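Here are the chains, one letter per residue:
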Amino acid sequence: MADLILLVLDSSLPWSVEYFDLCRLLDPCRDVVIFNKADLPSQLILPSENPFTCLSLSALTGTGVDALFGHLRAMPSANAQLHSAGITRLRHYECLSNAHNHLQKAQSQVLGGIPGAPECVADDLHAALEELYSLLGLRVNDEVLDLIFSEFCIGK
């Protein structure tokens, strides 16, 4: 089951049976109905009893996107889930910390306008990517394998 459903409807078209069927699948306390094409005249007339959070936006112009992001940030369940994930292994923490440091270094070089920065920025971005690859197990060297297997008790 999804943590959140964003149902995007074309507001330039009138309500259809399909729209009602889709809305019946939603949780009014959690899910959001988005009326896209806010840059065009709306043909949607909301039902008199509308239990959903409804937002209008235009994917073409970007109108309403900030309101959508603001609504998503303010949702307690989404924030609780984002902050509840934890790092349980030192190796994971080190990979994320190293990637973060490389990204900060690259950002400061870009913002600082340092001569020769493109090569340095590319190098730091590559190093950050390598850390993430290591975290995800996409690149594994002997040192990482030794660390992983040292934490397991095999044969008992």
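Parameters and conventions
- Residues numbered from 1 in each chain as written.
- Predicted model: local features only at pLDDT ≥ 70, side-chain atom pairs only at ≥ 80, totals over all residues.
- Heavy atoms only, no water.
- Helix = DSSP H or I, 4+ residues; strand = E, 2+ residues; numbered from the N terminus.
- Buried < 20%, exposed > 50% of the residue type's maximum accessible area, 1.4 Å probe, protein only.
- Lys, Arg positive; Asp, Glu negative; His and termini not counted.
- Salt bridge = Lys/Arg side-chain N within 4 Å of Asp/Glu carboxyl O.
- Contact = heavy atoms within 4.5 Å.
- Polar contact = N/O pair within 3.5 Å; in protein donor to acceptor, adjacent residues only side chain to side chain.
- Phe/Tyr/Trp six-rings, centres within 6.5 Å; stacked < 30°, edge-to-face > 60°.
- Core = buried A, V, L, I, M, F, W, Y, C linked by side-chain atoms within 4.5 Å.
- Pairing = 2+ DSSP bridges.
- Right-handed = clockwise from strand over helix to strand, strands pointing away.

Draft legend 1. Up close: the side chain of E131. You can see E131 is positioned in helix α5 (residues 117-136). No salt bridge forms around the buried E131; measuring N to O, its nearest opposite-charge neighbour R91 is 7.6 Å away. Not counting residues up to four positions away in its chain, the partners in contact with E131 are E94, C95, N98, A99 and H102.

Draft legend 2. Spotlight on the side chain of S11. Tracing the backbone through its elements, the reader meets S11 in the loop between β1 (6-10) and α1 (17-24). Of note is the side chain of S11, whose polar atom sits 3.3 Å from the backbone oxygen of K37. Those residues in contact with S11 that lie beyond four places of it in its chain are F35, N36, K37, A38, P41, S42, Q43 and L44.

Draft legend 3. Structural view of the packing of aromatic side chains. Throughout the structure, instances matching the rule amount to 2 aromatic pairs. Taken together, the aromatic side chains of W15, Y19 and F20 make up a single cluster linked through ring pairs.

Draft legend 4. Expanded view of the nonpolar core. Judged by nonpolar contacts, L7, L9, W15, Y19, C23, L26, V33, F35, L44 and F52 together constitute the single largest core of 10 residues. At the level of secondary structure, the elements contributing two or more residues to this core comprise β1, α1 and β2 (32-36). Those residues in contact with Y19 that lie beyond four places of it in its chain are L9, D10, L13, P14 and L44. The next biggest cluster of nonpolar side chains, apart from the first, holds 5 residues, and it includes V32, I34, L55 and L57.

Draft legend 5. Region of the structure containing the pairing of β2. Within β2, 5 of the 5 residues are buried, leaving the element largely enclosed by the surrounding structure. Here β2 shows two buried faces, one formed by V32, I34 and N36 and the other by V33 and F35. Of the pairings in the sheet, the one linking β1 to β2 comprises 5 bridges and is parallel in character. Bridged to D10 within β2 is N36. Where the polypeptide runs from β1 across α1 and back to β2, its parallel neighbour, the crossover connection is right-handed. When β2 meets strand β3 (residues 53-56), the two strands line up parallel, connected through 4 bridges.

Draft legend 6. Examining the environment of V8 more closely. Assignment of secondary structure puts V8 in strand β1. Sequence-wise, V8 and F35 are 27 residues apart; in three dimensions their C-alpha atoms are separated by 5.9 Å. Setting aside chain neighbours within four positions, we find V8 in contact with I34 and N36.

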